[in-house]
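# Descriptive analysis of the structure
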Amino acid sequence: MMRRLLQPLWFLLAVAFLIEAWFWDHLEPVVERIVALIPLREFKLWLERRIESLSPAATLVVFLVPVAPLYPLKLFALALIAQQHWIAGLAIFAFAQVVGLGIAAFIFDLTKPKLLQMRWFAAMYRWVIELRAKAHAYVAPIMAAIRIRMREALGRKGGGWGARTLRLMQRFRKRVQQSR
């Protein structure tokens, strides 16, 4: 009985984890484009040279410190949400989350070889990759069912505002994919 009650929670946690992973995967190229536009290329080369001279433990500090200043901003966003300033709180939280993931992806790209030299970090990294695969496997059947229902709703003529919204989202998604 308890297991059945916890199943939606596990599903939501898996979806949240996959959303984070998706942002991580897709923000890294965005950060690289930003680095290409802003004169950060020299900074990246300078940082790479400095990281090469550090020990793996010191590299861990380089990885963790840049995202730490964003936590007070996230707490401020949560306080806004608690005071029923939903839009401002969610916007600030989303901004902090995206910026934090972008910075973490950028720094992790530079520090990954050194960090993986630490056995515990390599084990944790493998565990996260395995957890990601399990989350995909857990969410995949439900997402497939949602896709089938969306196709059915999109296939009907008319279909109400929900079907029109789904068609609009599908067209937008195709445009975004074609622009890549």
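Placed above this text is the structure.
Residues numbered from 1 in each chain as written. Predicted model: local features only at pLDDT ≥ 70, side-chain atom pairs only at ≥ 80, totals over all residues. Heavy atoms only, no water.

Okay, a nonpolar patch on the surface next. On the surface, a cluster of nonpolar side chains totalling about 510 Å² of accessible area is made up of Trp120, Met124, Trp127, Val128 and Leu131. Inspection of the secondary structure assignment puts Val128 in helix H6 (residues 119-155). (Patch = residues over 30% accessible without salt bridge, like charges linked within 9 Å, V, L, I, M, F, W, Y side chains within 5 Å. Areas by Shrake-Rupley, 256 points an atom, 1.4 Å probe, with all protein chains shown as cover. Salt bridge = Lys/Arg side-chain N within 4 Å of Asp/Glu carboxyl O. Helix = DSSP H or I, 4+ residues; strand = E, 2+ residues; numbered from the N terminus.)

Let us now look at the environment of Leu73. Residue position: Leu73 is located in helix H4 (residues 70-82). A C-alpha to C-alpha distance of 9.4 Å links Leu73 and Phe95, two positions 22 residues apart in sequence. What Leu73 contacts, discounting residues up to four positions off in sequence, is Ile92, Phe95 and Ala96. (Contact = heavy atoms within 4.5 Å.)

To continue, consider the nonpolar core. In terms of nonpolar packing, the biggest core is built from eleven residues, these being Leu47, Ile51, Leu60, Phe63, Phe106, Ile107, Phe108, Leu110, Leu115, Met118 and Phe121. Taken together, the elements giving at least two residues each to this core come down to helix H2 (41-52), helix H3 (56-64) and helix H5 (86-115). For this core, the element with the most residues is H5, which contributes five residues. For Phe108, the residues in contact, after removing those within four places along its chain, are Trp24, Phe63, Leu115, Phe121 and Tyr125. Counting five residues, the second-largest nonpolar core is a separate cluster that includes Ala14, Leu18, Ala135 and Val139. (Core = buried A, V, L, I, M, F, W, Y, C linked by side-chain atoms within 4.5 Å. Buried < 20%, exposed > 50% of the residue type's maximum accessible area, 1.4 Å probe, protein only.)

Compared with the 18 Å implied by 1.5 Å per residue over 13 residues, the 18 Å span of H4 between its first and last C-alpha is a close match. Of the positions making up H4, those classed as buried are Leu70, Lys74, Ala77, Leu80 and Ile81. Looking straight down H4, one finds its buried side chains confined to an arc of 115 degrees; they lie on one side. Facing away from the buried surface of H4 by more than 90 degrees, the exposed residues are Pro72, Leu75 and Ala82. After H4 finishes, the residue Gln84 shows a positive phi value of roughly 65 degrees. (Expected span 1.5 Å × (residues − 1). Arc of directions from axis to C-beta.)

Attention now moves to the packing of aromatic side chains. Under the definition given, this model contains four aromatic pairs. On the basis of an interplanar angle of 55 degrees and a centroid distance of 5.4 Å, the ring pair of Phe63 and Phe108 is categorised as tilted. Placement of Phe63 in helix H3 and of Phe108 in helix H5 is noted, with a sequence separation of 45 residues between them. Grouping residues by exposure puts Phe63 and Phe108 together as buried. (Phe/Tyr/Trp six-rings, centres within 6.5 Å; stacked < 30°, edge-to-face > 60°.)

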